[in-house]
Amino acid sequence: MSDVAQVPFEFNADNLKRAQEIISHYPPQYKKAAVIPLLDLGQRQNKGWTSISVMNYIANLLEMPPMRVYEVATFYTMFNREPIGEHFVQVCTTTPCMLRGAYDILDTVCGHLGGIKPGETTKDGKFTVIEVECQGACSNAPMLVVGDDFYEDLTAETTKKVLDAFAKGEKPKPGPQSGRHTSENSAGLTALTEKPYGPGQHCQPEFA
C-alpha cells in the first residue's frame, strides 16, 4: 500500500461538512464508530475506490490508529481497494440469481464490454465488472448493480440495453427491466384482490 501513500486526499468542503454531521451522531469518545460511513464518503469522492490516502485521512479525522481503519476497509467488500471504472457493474451470481441465469448475464456483460473478465476494467475506463454475492433482490433475479442502482429481471437483451445506455452517458431507469412494478407477481395478483374492508367491519357490534 505504500506506493500510493503519498497521493494527497482530504474531504472537499461539502463532504467535510457531511463528515462532521455524521460524527456528531456519536458520543465524542465513540466517534470511531463513524469509520464505515466516512470511508464510504471518502470512496465516493475518490472516484469509487478507497486508497491508502483515504484511509489515513479518515484515521486522522477520527483519531484512530491507521491499522484499525485498514482492518475495516479490507474486511468489507463494499470498499474497493483498487481503482475502478466510471461505471461499477456488480453481477450477482448467488443461488436465486444463478437459478435464473445469472452466469448468462455475467457472460453477456463481459462479452458486450469487449471480452473482459470479472475483476477487469474496459480499456476506455468506463466499466469495471465484478461477480458478487447476494444483493437482496432475489425475487427479481437475475440482477446486477451499477453504482447504487439495481437492474433486475434481466435478459441478455435488456442487459445490453442497460450497458449501452451507460456507455452513451445516459442513466437507464433502475428496477425491473421486464415491465413489472417492483416485485409484484408476474402473473398478476393472486391474493388481496378485493377492496380492503374499513374500520368496524366484521367485528362484534360492541367493538364496531
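This structure is a prediction, so every number in the text was calculated from the model and none was measured.

### Things to note about the overall build of the protein chain
Counting secondary structure elements, the protein chain contains 7 helices and 5 strands. The order of helices and strands in the protein chain, counted from the N terminus, is α-α-α-α-β-α-α-β-β-β-α-β. Taking 17 Å as the expected radius of gyration for a compact globule of 208 residues, we find that the protein chain reaches 22 Å, considerably beyond that expectation. Structurally, the protein chain occupies a C-alpha span of about 70 × 55 × 30 Å along its principal axes. For the protein chain, the residues scored as buried account for 39% of the 208 residues in total. For the protein chain, contacts bridging at least 24 residues in sequence account for 60% of all contacts bridging at least 6. As presented, the protein chain carries roughly 13,100 Å² of accessible surface, and 53% of it is formed by carbon and sulfur atoms. Across the protein chain, the centroid of the 19 positively charged side chains sits 3 Å from that of the 25 negatively charged ones.

### Observations concerning helix H3 (residues 52-62)
Burial analysis of H3 places 8 of its 11 residues in the buried class, which makes it a mostly covered element. Every buried residue of H3 is listed here: Ile 52, Ser 53, Val 54, Met 55, Tyr 57, Ile 58, Ala 59 and Leu 62. Contacts made by the buried residues of H3 are with helix H1 (13-23), helix H2 (35-45) and helix H4 (66-75). Looking one or two residues beyond H3, the residue adopting positive phi is Glu 63, at roughly 55°.

### Observations concerning the domain arrangement of the protein chain
Taken as a whole, the protein chain is organised into domain 1 (13-75) and domain 2 (87-176). When each unit is reduced to the centre of its C-alpha atoms, the spacing between domain 1 and domain 2 is 29 Å.

### Brief notes about unusual backbone geometry
Between Ala 141 and the following residue, Pro 142, the backbone shows a cis peptide bond with an omega angle of -5°. Within the fold, Pro 142 resides in the loop between strand S2 (127-132) and strand S3 (144-146). Positive phi is not limited to glycine here, since Lys 47 has a value of about 60°.

Parameters and conventions
Residues numbered from 1 in each chain as written. Predicted model: local features only at pLDDT ≥ 70, side-chain atom pairs only at ≥ 80, totals over all residues. Heavy atoms only, no water. Helix = DSSP H or I, 4+ residues; strand = E, 2+ residues; numbered from the N terminus. Rg over C-alpha atoms; globule rule 2.2 N^0.38 Å. Buried < 20%, exposed > 50% of the residue type's maximum accessible area, 1.4 Å probe, protein only. Contact = heavy atoms within 4.5 Å. Areas by Shrake-Rupley, 256 points an atom, 1.4 Å probe, with all protein chains shown as cover. Lys, Arg positive; Asp, Glu negative; His and termini not counted. Charge placed at Lys NZ, Arg CZ, Asp CG, Glu CD. Domains from an automatic or database assignment.

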